[in-house]
Structure formats: C-alpha cells, structure tokens
Amino acid sequence: ELYPYIENNYRIDSTDRCFFGHSLGGLLGSHILVEQPQLFNRYIIGSPSYWWDNKEIVKRLSSKSYLATDSIKAIYTFIGGKEGIHITNLKEFDSILVKKINKNIKFQEHIFQDEIHQSVVPAAFSTAVKFVYKK
C-alpha cells in the first residue's frame, strides 16, 4: 500500500527505486535483497545488524543458489571502521552476495575508517548516492 500512495502523491520515477537503510534498516534492506530483490533497483546498506538472530540473514543468503537480481543496477554497502566485529559480519555477507548476484551489477563495499556506528551515515550518504546513480 505504500508504493501506490507515494506514486499518487509525489512526482517520482516508479521504475527506479532505491533502498537506503542503516543498522536495523540495513538488515531490512538485506532481507529484501535476499527475499524480494526486484522491489528495488538500487540498494544502499549501511552498518547492517547481521548479528541479529545469530546471523540468520547470512545463513539464509548462503542457502540460496543465486538471487534473481536482473532488475538491480547497483548495490553499495558501508560501515564505520570503528565498528569492530560488525565489519567482519559485513564482509562475510558481501563475499557471499557477490557470488550470488548478476555480474553486471555495480557493487561496492566501503569502510569509512574513522567513523563509528552513528557517524558513518552522514559520512557515507553522498558517496553512496553518487555511486548507485552514476552512469
């Protein structure tokens, strides 16, 4: 019901949707990417909470043979360099992801070395948007 509301009330390009999520929002974006990747054309996933439910999303991604990602143009993941074990979790998810997606998808993982969980969003925002929309 959200898409029709937005399409009826705002001037948008309904054929080009971008997801941006950080922390638990990054986990949500990862869930959508794994289960219904066609919902968005571009994904920006920041500091995702992959620790949730004993890394259940990583296990679910691992169990897939591939992801139906034909409509996806770009995926950008980011995390702060001072986020400890969460960096390892992101790298684990991303390494599995790149093996399961279409090779034509632009993909980038970025670690912002001097940032923590709260400060990484403003540091990453413009870089992420530029990456996913760059021709």
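The rules behind each value
Residues numbered from 1 in each chain as written. Predicted model: local features only at pLDDT ≥ 70, side-chain atom pairs only at ≥ 80, totals over all residues. Heavy atoms only, no water. Helix = DSSP H or I, 4+ residues; strand = E, 2+ residues; numbered from the N terminus. Rg over C-alpha atoms; globule rule 2.2 N^0.38 Å. Buried < 20%, exposed > 50% of the residue type's maximum accessible area, 1.4 Å probe, protein only. Axes fitted to C-alpha atoms, helices over the stretch in contact; angles between N-to-C directions. Parallel < 35°, antiparallel > 145°, perpendicular 65-115°, else oblique. Left-handed = near helix turned anticlockwise from the far one by under 90°. Contact = heavy atoms within 4.5 Å. Pairing = 2+ DSSP bridges. Patch = residues over 30% accessible without salt bridge, like charges linked within 9 Å, V, L, I, M, F, W, Y side chains within 5 Å. Areas by Shrake-Rupley, 256 points an atom, 1.4 Å probe, with all protein chains shown as cover. Salt bridge = Lys/Arg side-chain N within 4 Å of Asp/Glu carboxyl O.

Participant: Can you tell me about the overall build of the protein chain, naming the residues and giving the values?
Facilitator: Scanning the protein chain for helices and strands turns up five helices and four strands. The globule rule puts the C-alpha radius of gyration for 135 residues at 14 Å, and the 15 Å found for the protein chain is close to it. Principal-axis analysis of the C-alpha atoms places the extent of the protein chain at approximately 45 × 35 × 30 Å. Residues counted as buried form 40% of the 135 residues belonging to the protein chain.

Participant: So what's going on with the packing of helix α2 (residues 24–35) against helix α3 (residues 56–63)? Residues and values would help.
Facilitator: Close contact between α2 and α3 brings their axes to 10 Å; oriented N to C, the two are set at 15°. Here α3 runs roughly parallel to α2, going by the angle between their axes. The crossing of α2 and α3 is left-handed. Touching L27, S30, H31, V34 and E35 of α2 are I57, R60 and L61, all from α3.

Participant: Describe the sheet that holds strand β1 (residues 18–22), and please don't skip the residues or the numbers.
Facilitator: Taken in spatial order, the four strands line up as β1-β2-β3-β4 in an open sheet, and their pairing is parallel. The open sheet terminates on both sides in strands that have one partner only, identified here as β1 and β4 (106–112). In this sheet, adjacent strand axes meet at a mean angle of 10° when their direction is disregarded. Summarising the sheet, β1 and strand β2 (residues 42–46) pair through five bridges and their orientation is parallel.

Participant: Lay out a nonpolar patch on the surface with the relevant residues and their values.
Facilitator: A surface patch of nonpolar side chains, amounting to about 450 Å² of accessible area, comprises L2, Y5, Y10 and I12. Since its relative accessible area comes to 56%, L2 is described here as exposed.

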